[in-house]
Structures are given as C-alpha cells and as structure tokens.
Amino acid sequence: MFHRVTIRVADLAASERFYDTVLPRLGIDRASSELSIEQRDGDHPVTRDVHFGFRAPSREAVDEFWRAGTQAGYEDDGPPGPRPQYTDDYYGSFLLDPDGHSAEAVHHGAMRGEGAIDHIWIRVPDVDAAKRFFSEIAPYTGFRLVHEIPARARYAADGGGSFTLLAGRPTENFHMTFRGSVSGVRADPEGNRVEIVS
C-alpha cells in the first residue's frame, strides 16, 4: 500500500494553498495524508509529470472538489463526469496544481478502503524497463501487475489502490514510499526514489 508520496514544488506556499483548497472537499487533511509537499532546493529539483487520484466519498464531493478549485482560479483539467473508459461506475474531475500535476477527485466502487490516494500515474519513456523494475519490488508491497497493453502497465493492491506506468515524457524527481514486508530504497530507471518501509 502507499505509505507516502513526495513531490518537490517550485513554490511551497502556492502548492499548499492549492491542496488545502481542494482536498478538504473530499474530507482529506493534507497534513495527515500520504501526500508530502516539499520545497525544491539545490539537491532536489521540482517534480514533473505526476497524476494523483484522490478518494472522494461521493460524486457530489467530486463535483465540489472541482468547483472549489476552479472558483479559486485553478486550471480545469477535466470537468466532473463519468469516465466509463476506466470502469462502469468511475466518476472523476481534474485540476492542475501550480506545478502542472494532474490532481483528480475520483469515486468508484473499487476504491481503497483507507488513505487519501486512490491511484498514481507515472510517465516513463520505456514502459517495459519500468515494468521490469516495479515487477521486482511489487511482491514486497502488496501490489501486483493486473493489466498491461502497449505503452501502459497497471499495478493494483488487494486492498485497493493502484499505480500505472504510462509511456510519455518521464516523471522526474518523485519519491514514492510503499508499506511492505521488507525495507529498502532503490532508484527506478528514471532516477526517482522508490522506498519500501516495513
């Protein structure tokens, strides 16, 4: 399961303001969620190209997440509505955070039973290389490869939650920590930090 995901941001106050505007609409307290936001520095550049899907308790909460964000002046990345290309009962809305990450509120029948983050999408230049890396560590984290097509591989945990590898401009400077049966830290093929804590 996800333990913590860390993004480095260009403007800490601006990013905190964004997430503190929209996440409470989902009943999520950013400070106690799995999402960690840290200021970039000389050793840690800004994170690029991550997508987060945050759990919403209802379709109405998905609507309110988007409404609160757009009314506060944040950029729309997809209005509330069904997304049957994912599952029959999938309902989501999308905003862009100050660093251009796609933040989604999502409600569907197979959501995680706990935690704030339902799913993460990571872009990679070579899905097969990334899949080899994540397939090595997945058994220790409770995730397993559940679906793959060219240019995409999806890992899911039995208790809900997933992460997907997508072909594209690579996600950079990202730190993802899983709860698992062992402890350790490795770099994925793009140099992102992947950690397991037991």
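The paragraphs below set out a description of the structure included in this document. (Residues numbered from 1 in each chain as written. Predicted model: local features only at pLDDT ≥ 70, side-chain atom pairs only at ≥ 80, totals over all residues. Heavy atoms only, no water.)

1. Re helix α1 (residues 12-22)
Then, number 1: Those residues of α1 that sit buried are A14, S15, F18, Y19 and V22. When α1 is viewed along its axis, its buried side chains cluster within an angular range of 125° and face the same direction.
Then, number 2: Of the surrounding secondary structure, the elements contacted by the buried residues of α1 are β1 (2-9), β2 (35-39), β3 (50-55), α2 (59-71), β5 (91-96) and β6 (102-107).
Then, number 3: Two or three places before A13, at the opening of α1, D11 has a side-chain oxygen 3.2 Å from that residue's backbone nitrogen. (Buried < 20%, exposed > 50% of the residue type's maximum accessible area, 1.4 Å probe, protein only. Helix = DSSP H or I, 4+ residues; strand = E, 2+ residues; numbered from the N terminus. Arc of directions from axis to C-beta. Contact = heavy atoms within 4.5 Å. Polar contact = N/O pair within 3.5 Å; in protein donor to acceptor, adjacent residues only side chain to side chain.)

2. Considerations on the packing of aromatic side chains
Then, number 1: Tallied over the entire structure, the rule returns 15 aromatic pairs.
Then, number 2: Between the aromatic rings of F133 and F134, the centroid separation amounts to 4.9 Å while the plane-to-plane angle is 90°, which identifies the pairing as edge-to-face. As far as burial versus exposure is concerned, F133 and F134 are alike and both buried.
Then, number 3: What links up through ring pairs into an aromatic cluster is the set F2, F133, F134, F143, Y155, F163 and F178.
Then, number 4: Over the face of the ring belonging to W121 we find R152, whose NZ or CZ atom lies 5.5 Å from the ring centre. (Phe/Tyr/Trp six-rings, centres within 6.5 Å; stacked < 30°, edge-to-face > 60°. Lys NZ or Arg CZ within 6 Å of the ring centre and 35° of its normal.)

3. Looking at the pattern of salt bridges
Then, number 1: Tallied over the entire structure, the rule returns 11 salt bridges.
Then, number 2: In this structure, the salt-bridge partner of D20 is R30, at a minimum N-O distance of 2.8 Å. Taken together, the residues D20 in helix α1 and R30 in the loop between α1 and β2 connect sequence positions 10 residues apart.
Then, number 3: For D158, the salt bridge identified is with R144, shortest N-O distance 3.3 Å. One end of the pair, D158, is in the loop between β9 (152-157) and β10 (162-167); the other, R144, is in strand β8 (residues 143-149), and 14 residues separate them in sequence.
Then, number 4: With a relative accessible area of 69%, D158 lands in the exposed category. (Salt bridge = Lys/Arg side-chain N within 4 Å of Asp/Glu carboxyl O.)

4. Notes on the nonpolar core
Then, number 1: Core analysis: the biggest nonpolar cluster contains 47 residues, and Y19, F52, F54, I120 and F163 have the highest contact counts within it.
Then, number 2: Ranked by the residues each element gives to this core, the list is headed by helix α3 (residues 127-137), at five residues.
Then, number 3: The residues contacting Y19, other than those within four sequence positions of it, are I7, P24, R30, L35, I37, F52, F54, D97 and A103. (Core = buried A, V, L, I, M, F, W, Y, C linked by side-chain atoms within 4.5 Å.)

5. A closer look at the layout of surface pockets
Then, number 1: Considering only enclosed or pocket space, the largest pocket measures out at about 460 Å³ in volume.
Then, number 2: Taken together, 20 residues line the largest pocket, and the ones lying closest to its centre are Y86, T87, Y90, R154 and S162.
Then, number 3: Sorting the residues of the lining of the largest pocket by element identifies β7 (117-124), β8, β9 and β10 as the ones contributing at least two each.
Then, number 4: For the lining of the largest pocket, the element with the most residues is β9, which contributes four residues. (1 Å grid on protein atoms, 1.4 Å probe; cavity = no way out; pocket = protein on both sides within 12 Å on 5 of 7 lines; lining within 4 Å. Points joined across faces, edges and corners; volume = space filled by probe spheres on them.)

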